[in-house]
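Listed here are the chains, written in short residue letters.
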Amino acid sequence: GESFDLQERQHIRNAMSDVEQIQAMVRHQLIKIYQESPKAQPLVIKMIKQFLPLKSALTAEIEELKELTKQEDGELFKKLRKTVARRIDLNQNPAKCSTAKKLYCNVQSACGFGCIIHHYTICLFISLGTGRVMMSNMSNLAYPNMDKIFLPLSRTCLTAEGNVDDYPEWESPNDEHPSSSDAPIVKVSIVYHRDRKTPFAPWTVPKDLIPSLERIHGNPMLWWIGQLQSYLMRPQKWLSDSIKEAKGEEFQHPIVGVHVRRSDKISEASYMANDAYMTAVSDWYDTYEMRHPNETVVRRIFLATDDILIGSQLKITYPKYRIVQIQKNAVVALAKRFSGSGLEGILQDVFLMAECDYFVGTMSSNVGRLVHELMQTRDYDTSNAAITIDHSFRYYGQFPERHLVLNDHHAENPCPPEFEPLPPNQFPKYVRERLQLENILKQGCEVELRKGDIIDAWPELNNNYMRGGVNIRSGRWGLYPKFKVKQIIEPAPYPVIENTSL
Ligand code: GDP
């Protein structure tokens, strides 16, 4: 039959995201009414009871519309995936290694697995952008044996000659001339967050892929990140065997992955109650049941966490759900977060969450972001196969996330032009800054928008119907409704290797 054109597809995607925003907004306001006026409580409960099935029905209708192009889109997804895989393969496996240009990736951060792997992937972005073979022994302070878990980066370039200390550091001179150095081998060193103002920073997309990706995917930037991330994380056989074994018989579809990040993260990100995760899980299953009226649905959750109590808490408070969990991983995660010995557990958890039909987590966590990235290898649009209950997606060192304003917005309750003084010096500066941003969310103060304005969006300011950031025209900051803006896709000048054009 006749297929939808680009505009029609965008209408369908927008409709889906509008429904999600309506739901988030209604829920947010009703909870406030419930808390503030006890007399209104019965009415609030009645409203929620009537609203939720209606919302599920509407979501289900839109899902059915998306289904109409699924097969056709699947073909294009396959083609895009294969094209990218071929480009990576050619870049990483030159016929003659001795004459190929190389980029050595030197990661020396002491952080968790998700953080470390995100650093390595930065190198792959730059490698592909500059046509250099990415090399690394994948050995770092936190995880010295990373080369034993993933397949080698290259089949033809096995060792880098010379001494790492002598390689010149790669720098991006400017956007027009991305190749900074002619040295046969350069290095990219990452200790904390590299300042990655390169045209190949994440949150950009190869220019030639944009028209196709825009047609079939709600978030081309995320898709591109996911392709590179999953290349780096191709498991060695022992690891895929270990994941298969860990999966066991209880892991069956439909299943929703839930990642609850607590323990040491509590200073870095705000505490999110179990109920916040479960509300999102329950929404997803409501829609699923609406779309599969003849199925007896077992509401399964694959739970991954570094908090040993959550599994049993959920079993008690949510008896209708079946909790699947690799329990010992939570114990190890708590004790061994920053040593190689917790690695197998986090890998099992991450890969299994990425296999779930839907994912609920916090994008303040590298682990949550990794899961959504790894979901991007399916042959359908997985941009909304994950929901975050705190920050929106980000990639440290990314190109800024920019929004283009589609409709004017009057700020009901404008944010003051200056930030309030930071709270007392009892926390590190970054924690205080985050608290300040989260305070804006709580206050709900807004920023004025005019059609055509561009906004630097801040990931911390996200409650699933309002986003926040700074309006570049006015310099003012605050929240604004998501439906009045669209994400700007930033094209990047990745070279198109011969015979790999789309
Ligand atoms: P972030 O700190 O949440 O941004 O993520 P990182 O990956 O940088 O560090 C978190 C570390 O905590 C991981 O490397 C794991 O060792 C551990 N961890 C966190 N969540 C889980 C989980 O769900 N399962 C397991 N096995 N480990 C976890």
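See the structure above.
For clarity, every value in this text was computed on a predicted model and none was experimentally measured.

## Looking at the sheet that holds strand β10 (residues 402–405)
Strand order across the open sheet formed by 5 strands is β13-β12-β11-β10-β14, with antiparallel pairing between neighbours. Pairing within the sheet leaves two strands with one partner each, and these edge strands are β13 (477–481) and β14 (485–487). Strand-to-strand twist across the sheet, computed as the mean angle between neighbouring axes with direction ignored, equals 45°. Relative to strand β11 (residues 454–462), β10 is paired through 3 bridges, and the arrangement is antiparallel. Across the sheet, residue His 403 finds its bridge partner in β11, namely Ile 455. Against the sheet, helix α13 (residues 429–443) makes contact with β11 and β13, and its axis sits at roughly 100° relative to β11, the strand it touches most.

## A word on the site of the ligand
Inspection of the region around the ligand gives 19 residues, with Phe 113, Gly 114, Arg 261, Asp 349 and Ser 365 positioned closest. Between an oxygen atom of the ligand and a main-chain N or O atom of Gly 114, the distance comes to 2.7 Å. Note that an oxygen atom of the ligand is positioned 3.4 Å from one of the side-chain N or O atoms of Tyr 143. With the chains in place, 96% of the 560 Å² that the ligand exposes on its own is no longer accessible. Of all the secondary structure elements, the ones that give two or more residues to the shell around the ligand are α4 (113–130), β6 (299–305), α10 (327–335), α11 (343–354) and α12 (366–374). Here the shell around the ligand is composed, by residue class, of 7 nonpolar, 8 polar and 4 charged.

## Digging into helix α6 (residues 220–232)
The end-to-end C-alpha distance of α6 is 19 Å, a good match for the 18 Å that 13 residues give at a rise of 1.5 Å each. Burial analysis of α6 places 13 of its 13 residues in the buried class, the great majority of the element.

## Some thoughts on the state of the cysteines
By definition, a disulfide links two cysteine residues through a covalent bond between their sulfur atoms. For the structure shown, the criterion picks out 4 disulfides. Here Cys 105 pairs with Cys 123 through a disulfide, and the sulfurs are 2.0 Å apart. Between Cys 105 and Cys 123 the disulfide shows an S-S torsion of about 70°. By sign, it is right-handed. Highlighted residues: Cys 105 in strand β1 (residues 102–107) and Cys 123 in helix α4, separated in sequence by 18 residues.

What counts as what
- Residues numbered from 1 in each chain as written.
- Predicted model: local features only at pLDDT ≥ 70, side-chain atom pairs only at ≥ 80, totals over all residues.
- Heavy atoms only, no water.
- Pairing = 2+ DSSP bridges.
- Helix = DSSP H or I, 4+ residues; strand = E, 2+ residues; numbered from the N terminus.
- Axes fitted to C-alpha atoms, helices over the stretch in contact; angles between N-to-C directions.
- Contact = heavy atoms within 4.5 Å.
- Near = heavy atom within 4 Å.
- Polar contact = N/O pair within 3.5 Å; in protein donor to acceptor, adjacent residues only side chain to side chain.
- Areas by Shrake-Rupley, 256 points an atom, 1.4 Å probe, with all protein chains shown as cover.
- Nonpolar A, V, L, I, M, F, W, Y, C, P; charged D, E, K, R; others polar.
- Expected span 1.5 Å × (residues − 1).
- Buried < 20%, exposed > 50% of the residue type's maximum accessible area, 1.4 Å probe, protein only.
- Disulfide = S-S within 2.5 Å.

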